[in-house]
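# Fold and geometry: a report
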Amino acid sequence: MDQASNNVVTFSEILLTLRKHVKLILGTTLIVTVLAAIFTFFIMTPKYSASTQILVNRKLDASQQAAQLQATQADIQMISTYKDIITSPVVQDSVKKQTQNQLGSKDSDVSVSTETNSQVFTVNVTSTDPDTAASVANKTASVFKNKIGKIMSVNNVTIVSKAIADGHPVSPRTSLNLLAGIVLGLILGVGLAFLSEFNDKTIKDENYLTNDLGLTSLGIVNEISQKDINRQVREQTASSERSDKMRRRV
């Protein structure tokens, strides 16, 4: 029972360990944060985003107006198919050929997002250049509008809004990366502090010698700091000088 109680780490011991290794924790946090800043500002390539919105529905004549609601629901369900077509080589190969002639060969990522129960979907493009992102987004919408009629006999495609180049990068997220560096540094620093304390085999408690090892305690030698030693030396020196002066006077 006593052995089990000795192995329990109390909250005060945890605080003592953190206080003892506070320089290690702060130093580790600073180093990791600086590395995160270097990686964010000097290594990661900024990326820019642009988006355009497209509406696809089918024109119905007067005799089919009663089926308008069903047609709308069908158009919404077809958006998943449109997404696959937009990201397929059928559209993207044509987009790359046309944009490379204008902007050169620059990588871009194309994705499609939708809103629930909406016939409008958004084409999002991310690139290392804001003009490239906007141009690819607009060209994707244009190529899709021209090709979808032949692929699926869809007769009504509307580009609701065109993409505009935005000079503010969407990544890297500077504040988020720095915050992650601080948190990671703290965690790493605390982990190193407890690891250092765990590997420290110095005997810190007299009870460990008497109770656990069964040895007899002959006495305790207190640790004296260098500051106290210097103070005692100065006091002894001053006392000796006063004694010498007294003897000379006698």
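A brief look at the structure comes next.

## Focus: the packing of helix α3 (residues 22-43) against helix α7 (residues 174-199)
A pair of packed helices can be characterised by two numbers: the angle between their axes and the separation between those axes. Running from amino to carboxyl end, α3 crosses α7 at an angle of 150 degrees, the nearest separation of the two axes being 7 Å. With respect to each other, α3 and α7 are oriented roughly antiparallel. Between α3 and α7 the crossing geometry is right-handed. A class-by-class count of the residues in the contact of α3 with α7 yields 14 nonpolar, 9 polar and no charged.

## Focus: the packing of helix α2 (residues 11-20) against α7
At their nearest, the axes of α2 and α7 sit 9 Å apart, and the two run at 105 degrees to each other. Between α2 and α7, the angle falls in the class roughly perpendicular. Packed against α2, whose contacting residues are Ile14, Thr17, Leu18 and Lys20, the element α7 presents Val190, Ala193, Phe194 and Glu197 at the interface. Per-class residue counts for the contact of α2 with α7 are 5 nonpolar, 1 polar and 2 charged.

## Brief notes about the nonpolar core
One broad trend across soluble globular proteins is that nonpolar side chains are buried collectively. Ranked by internal contacts, the top residues of the largest apolar core, which has 24 residues, are Ile54, Val56, Tyr82, Phe121, Phe144, Ile148 and Val157. If you list the elements that add at least two residues to this core, you get β1 (48-56), α4 (68-86), α5 (89-103), β3 (120-127) and α6 (130-152). Of all the elements, α6 adds the most residues to this core, at 8 residues. In this structure Val56 touches Asp75, Tyr82, Gln119, Phe121, Phe144, Val154, Asn156 and Val157, once residues within four positions along its chain are discounted.

## Quick word on the pairing of β1
Judged by which residues are buried, β1 turns out to be one-sided: Tyr48, Ala50, Thr52, Ile54 and Val56 face inward and are buried, whereas Ser49, Ser51, Gln53 and Leu55, on the alternate face, are not. Where β1 lies against β3, 8 bridges are found, and the strand directions are antiparallel. Following the sheet pairing, Ala50 is matched in β3 by Val125. Summarising the sheet, β1 and strand β4 (residues 157-161) pair through 4 bridges and their orientation is antiparallel. If you follow Gln53 over to β4, its bridge partner there is Ser161.

## With respect to a nonpolar patch on the surface
On the surface, a nonpolar cluster with roughly 960 Å² of combined accessible area is contributed by Leu30, Ile31, Val34, Leu35, Ile38, Phe39, Phe41, Phe42 and Ile43. Here Ile31 is to be found in helix α3.

## Side note on the packing of aromatic side chains
One pass over the structure, following the stated rule, counts 3 aromatic pairs. With 6.0 Å between their ring centres and 65 degrees between their planes, Tyr82 and Phe144 make a pair best called edge-to-face. With Tyr82 in helix α4 and Phe144 in helix α6, this residue pair connects regions lying 62 residues apart in the sequence. Seen in terms of ring centroids, Phe121 and Phe144 are 6.1 Å apart; in terms of plane orientation they differ by 85 degrees. Their pairing is edge-to-face. Of this pair, Phe121 sits in strand β3 while Phe144 sits in helix α6, and the two are 23 residues apart along the sequence.

Rules and cut-offs
- Residues numbered from 1 in each chain as written.
- Predicted model: local features only at pLDDT ≥ 70, side-chain atom pairs only at ≥ 80, totals over all residues.
- Heavy atoms only, no water.
- Axes fitted to C-alpha atoms, helices over the stretch in contact; angles between N-to-C directions.
- Helix = DSSP H or I, 4+ residues; strand = E, 2+ residues; numbered from the N terminus.
- Parallel < 35°, antiparallel > 145°, perpendicular 65-115°, else oblique.
- Left-handed = near helix turned anticlockwise from the far one by under 90°.
- Nonpolar A, V, L, I, M, F, W, Y, C, P; charged D, E, K, R; others polar.
- Contact = heavy atoms within 4.5 Å.
- Core = buried A, V, L, I, M, F, W, Y, C linked by side-chain atoms within 4.5 Å.
- Buried < 20%, exposed > 50% of the residue type's maximum accessible area, 1.4 Å probe, protein only.
- Pairing = 2+ DSSP bridges.
- Patch = residues over 30% accessible without salt bridge, like charges linked within 9 Å, V, L, I, M, F, W, Y side chains within 5 Å.
- Areas by Shrake-Rupley, 256 points an atom, 1.4 Å probe, with all protein chains shown as cover.
- Salt bridge = Lys/Arg side-chain N within 4 Å of Asp/Glu carboxyl O.
- Phe/Tyr/Trp six-rings, centres within 6.5 Å; stacked < 30°, edge-to-face > 60°.

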